[in-house]
Every structure is written in C-alpha cells, then in structure tokens.
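In case you want the letters, here they are:
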Amino acid sequence: WKINMGPLATVVRPPPKPNPQPDGLGYNPRCLSRDISLQSANETRDDVVAALIKDNKDIESFQTVFGGEFAKGKMGAHVGGHNTIGGDAGSDFINSPADPAFFPHHAMVDRVYWTWQNLDLEKRKDAIAGGISGIGDGGARGTLDDVLTLGEYVGVGNITIRDAMSTIGGPFCYVYA
C-alpha cells in the first residue's frame, strides 16, 4: 500500500526519507509501514473500553481517558488503536488517514463516544470540552458554534460542532445496532 505524504512527526524506525517540504505535506511516495504492538492493543481491550464508558460521567474525563493519560503511562483506547497497528498509522498524526485501517478504527471511536453519549443523552448530547488546536489542551476552548472545515475535496460543506453532535441530527442519519 503506497502512501504519498509525510512524514511529519514519525517515530518509525528506521525513519522514512524526509519529506521534500518542511510542512510534511509534499509528495513523498513510499510503502506504508506497520509495527503491531501488543502493549497498545491492551489499551483497547473490551474491559478497558467498558470501564471508559461506565466510569467517566463528564465529557472532560471521558475525553481525557479515551485520548490517553500519558503522565500516568496510559495511551487510552483512541491512541491505543492507532498504535496497535503502529508504523505510519500510529506514529504520524498527519499521515494516519493514509492507512486503510484508520477508518474502521475511527468508526470504533465514534461508536464508543455514541454509546457513552446515549447513556445520558439529555446531559451528554451537547457536552463539549477541550481546545480547538487538536493537540493537547492548548489554545482557545471549543464551542458548539465552532465550524468544522472538511475542505472541498471531501465533498461535504462546513458544519458547526453543534450540527455534528448527533448521529441522527444535522447532516447525519445513522445509529449503531
């Protein structure tokens, strides 16, 4: 499977050839790499995901545990899923969608969130926490009225976070069975 951009921030060893552009977005074709990690897979076990859903009553704690508490040595089910297949998909945030496994993994992320949300839909339907940078807690806090820009190449117009909070509202129309 050939990928064409990155690396931007890889920890793959040996590292692939550097990207021709400093931002990591230049054309850089190479074979996809993987590095299966049993340690990471432990972060995605059924009992770990069940505890995530049951034990975190507010969005901030849910997101923190799901995304990883690195100071406590835990990568969380979201990061654990990326790192289970390792290589490009687990080591380079920008490049991870180049791996076909990215999409079923993120369907799992969506389903876990959907399950948590539906356990107390009245309180959790519009629960939001965290910054808008996408990395860490830095930056301005997100709001329901912030716009998600997917870009013209996706074929979907911009929507607000509020419109993306429900799988049956806004532009979406799906439930998990």
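Residues numbered from 1 in each chain as written. Predicted model: local features only at pLDDT ≥ 70, side-chain atom pairs only at ≥ 80, totals over all residues. Heavy atoms only, no water.

Enquirer: A description of the environment of Asp146 should follow, citing residues and the corresponding values.
Expert: When you line up the elements, Asp146 lands in the loop between α7 (121-124) and β3 (147-148). Relative accessible area serves as the criterion here: at 24%, Asp146 is assigned to the partly exposed category. Taking the C-alpha atoms as reference points, Asp146 and Ile159, 13 residues apart in sequence, are found 8.5 Å from one another. When neighbours within four sequence positions are excluded, Asp146 is seen to be in contact with Ile132, Arg141, Ile159, Thr160 and Ile161. (Helix = DSSP H or I, 4+ residues; strand = E, 2+ residues; numbered from the N terminus. Buried < 20%, exposed > 50% of the residue type's maximum accessible area, 1.4 Å probe, protein only. Contact = heavy atoms within 4.5 Å.)

Enquirer: I'd like a rundown of the nonpolar core, residues and numbers included.
Expert: By size, the foremost hydrophobic cluster in this structure holds 16 residues, and its most contacted members are Ile59, Phe62, Phe66, Val112, Tyr113 and Trp116. Elements represented by at least two residues in this core include exactly α2 (46-55), α3 (59-67) and α6 (102-118). Examining the composition of this core, we find that 4 residues originate from one element, α6, more than from any other. Excluding its chain neighbours within four sequence positions, the residues that come into contact with Phe62 are Leu52, Asn56, Val112, Tyr113 and Trp116. (Core = buried A, V, L, I, M, F, W, Y, C linked by side-chain atoms within 4.5 Å.)

Enquirer: How would you sum up the packing of aromatic side chains? Please name residues and give values.
Expert: With the rule as written, the count across this model stands at 8 aromatic pairs. Ring geometry for Phe102 against Phe103: centres 5.0 Å apart, planes inclined by 80°, an arrangement best described as edge-to-face. Residue classification places Phe102 among the buried residues on the basis of a relative accessible area of 16%. A connected cluster of aromatic rings, assembled from ring pairs, spans Phe62, Phe66, Tyr113 and Trp116. (Phe/Tyr/Trp six-rings, centres within 6.5 Å; stacked < 30°, edge-to-face > 60°.)

By themselves, these are just geometric observations and shouldn't be taken as functional.
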